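Here is how the chains run, residue by residue.
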Amino acid sequence: MLTVHHLGKSQSERIVWLCEELGIPYELKCYMRDSVTMLAPPDYKALHPIGSAPVITDGDLVLAESGAIVDYIMAKYGDGRLALRPDHPDFAQFLYWFHFANGTLQAGMGRLMILNRLKLAEDNPMLAASRGRADRAFDLVDARVRDAEYLAGDTFTTADIMMGFSLTTMRYFQPYDLSRCPNVIKYLGRVGARPAYRRAMEKGDPGMALLLS
C-alpha cells in the first residue's frame, strides 16, 4: 500500500492533501519534530538519504521531493484528475504555477528565513533583495488569483496543492503579512474550505491553527 510519511508542519502535508482529494487508499504515518531543534527525528531521516520531508513508500519504492511524489501519485493513481491536459487552454498556467511553488516562492521564503536568522542589519543589501523578491512573488500570486478562481484558471489542480503549503504553513517558519495580498486571502478561503484539505490537515496536523489569512 502507498504510505505517506508525514512530518508535522512540513511540505508532506501536500501529499496527504493530494491523497484525500483523489480519495485513494493510503496509510498515514505521522512523525513529530524534535522539540528543541524542530528538525525531523532520526527515524524520519533514516527513510531517505536526503533526510527531509516528504517521503512516500509504495511497495519497494522510496521516493522523496514533493513535486516528484505528486507527479508519481498522479501518474499511478490520479486517473486524469486534478491536472490539465496539454490541449487545455490553461495547460501552460497549470505547469507554471505547479513549478512556481518550489522553484520560486518556497525557495525565496526559505532564503529569507535563513537570512533573518542571521540577525543582519536592516539595510543589508542581500536581506533587502530577498525581501523584495518575496514581495514580488506574493504580488504575482495575488494578481493571478484576482483574475482566476484557482491558479490554473477555473479548475482546482495539483498546482493549488503545491502552492498551498508555501502560502500557509511555511509562514510558521517565515512569517509574511498577507494583508498586502487581499486576493490571496480570498483564494485561501476558497481552497481552505475544501473538505479534502480539512480532512488532510486534521489527520496530519491535528490542532494546528491553519494560516489561511
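Going by the structure above, here's the rest.
Just so we're clear, the structure is a prediction, and the values are computed from it rather than from any experiment.

Asks: Summarise the overall build of the protein; cite the residues concerned and give the values.
Replies: What the protein contains, in helices and strands, is eight helices and four strands. In the protein, the succession of helices and strands from N to C terminus is β-α-β-α-β-β-α-α-α-α-α-α. Against the globule reference of 17 Å for 213 residues, the protein gives a C-alpha radius of gyration of 17 Å, in line with a compact fold. If you line up the protein on its principal axes, its C-alpha atoms span 50 × 45 × 30 Å.

Asks: Describe the pairing of strand 3 (residues 55-58), naming the residues involved and giving the relevant values.
Replies: Here strand 3 shows a buried face lined by Val55 and Thr57 and a second buried face lined by Ile56 and Asp58. Relative to strand 3, strand 1 (residues 2-7) is paired through four bridges, and the arrangement is antiparallel. Paired with histidine 5 across the two strands is valine 55, which belongs to strand 3. As judged from the four bridges shared by strand 3 and strand 4 (residues 61-64), these two strands associate in the antiparallel manner. Across the sheet, residue aspartate 58 finds its bridge partner in strand 4, namely leucine 61. Hairpin remark: strand 3 followed by strand 4, antiparallel, with two residues in the connecting loop; positive phi at glycine 59, about 65 degrees.

Asks: Tell me about helix 7 (residues 182-192), and please be specific about residues and values.
Replies: Along helix 7, the positions that sit buried rather than exposed are Asn183, Val184, Tyr187, Leu188, Val191 and Gly192. Buried positions in helix 7, seen along its axis, are confined to an arc of 165 degrees and lie on one side of it. On the buried face of helix 7, the contacting elements are helix 1 (13-22), helix 5 (125-147), helix 6 (158-167) and helix 8 (195-204).

Asks: Hey, could you go over the pattern of salt bridges for me, with residue numbers and the actual values?
Replies: Counted under the stated rule, the structure contains nine salt bridges. Of the charged contacts, one joins glutamate 20 and lysine 203 as a salt bridge, the two residues approaching to 2.7 Å between their closest N and O atoms. Of this pair, glutamate 20 sits in helix 1 while lysine 203 sits in helix 8, and the two are 183 residues apart along the sequence. By relative accessible area, glutamate 20 is classed as buried at 9%.

Asks: Could you give an account of the side chain of threonine 3, naming the residues involved and the relevant values?
Replies: Take threonine 3: it is sitting in strand 1. A polar atom in the side chain of threonine 3 sits 3.5 Å from the side chain of glutamate 27. Threonine 3 has contacts with Glu27, Lys29, Val55, Ile56 and Thr57, leaving out every residue within four places of it along the chain.

Asks: How would you summarise unusual backbone geometry if you had to cite specific residues and measurements?
Replies: At the junction of alanine 53 and proline 54, the peptide bond is cis and its omega measures out at 5 degrees in the coordinates. Turning to its location among the elements, proline 54 is positioned in the loop between helix 2 (42-45) and strand 3. One non-glycine residue, lysine 9, lies in positive phi territory at about 50 degrees. Its location among the elements puts lysine 9 in the loop between strand 1 and helix 1. Judged by its relative accessible area of 25%, lysine 9 is partly exposed. Phi at methionine 38 takes a positive value of approximately 65 degrees, unusual for a residue other than glycine. Mapped onto the elements of the fold, methionine 38 is located in the loop between strand 2 (27-31) and helix 2.

Conventions we followed
- Residue numbers run consecutively from 1 along every chain, following the written order of its sequence.
- In keeping with the predicted nature of the model, local features appear solely for residues at pLDDT of at least 70, side-chain atom pairs appear and are counted solely at 80 or more, and the whole-chain, interface and lining totals rest on all residues.
- For the side-chain quantities, the full set of heavy atoms in the structure was used; hydrogens and water were omitted.
- A helix here means a DSSP run of H or I that spans at least four residues, while a strand means a run of E at least two residues long, and both kinds are numbered starting from the N terminus.
- For the radius of gyration, the atoms used are the C-alpha atoms, and the globule rule reads 2.2 Å times the number of residues raised to 0.38.
- Buried residues are those whose accessible area, probed at 1.4 Å on protein chains only, stays under 20% of the maximum for their type, while exposed residues exceed 50% and partly exposed ones sit between those limits.
- Pairing between two strands is assigned when DSSP locates at least 2 bridges connecting them.
- The directions considered for the arc are those from the helix axis to the C-beta atoms.
- The contact definition used throughout considers only heavy atoms, calling two residues in contact when any of these lie within 4.5 Å.
- A pair is scored as a salt bridge if a Lys or Arg side-chain nitrogen falls within 4 Å of a carboxyl oxygen belonging to Asp or Glu.
- Pairs of N or O atoms are called polar contacts if they sit within 3.5 Å, as long as, within protein, a hydrogen donor faces a hydrogen acceptor (for residues adjacent in sequence, only side-chain-to-side-chain pairs).

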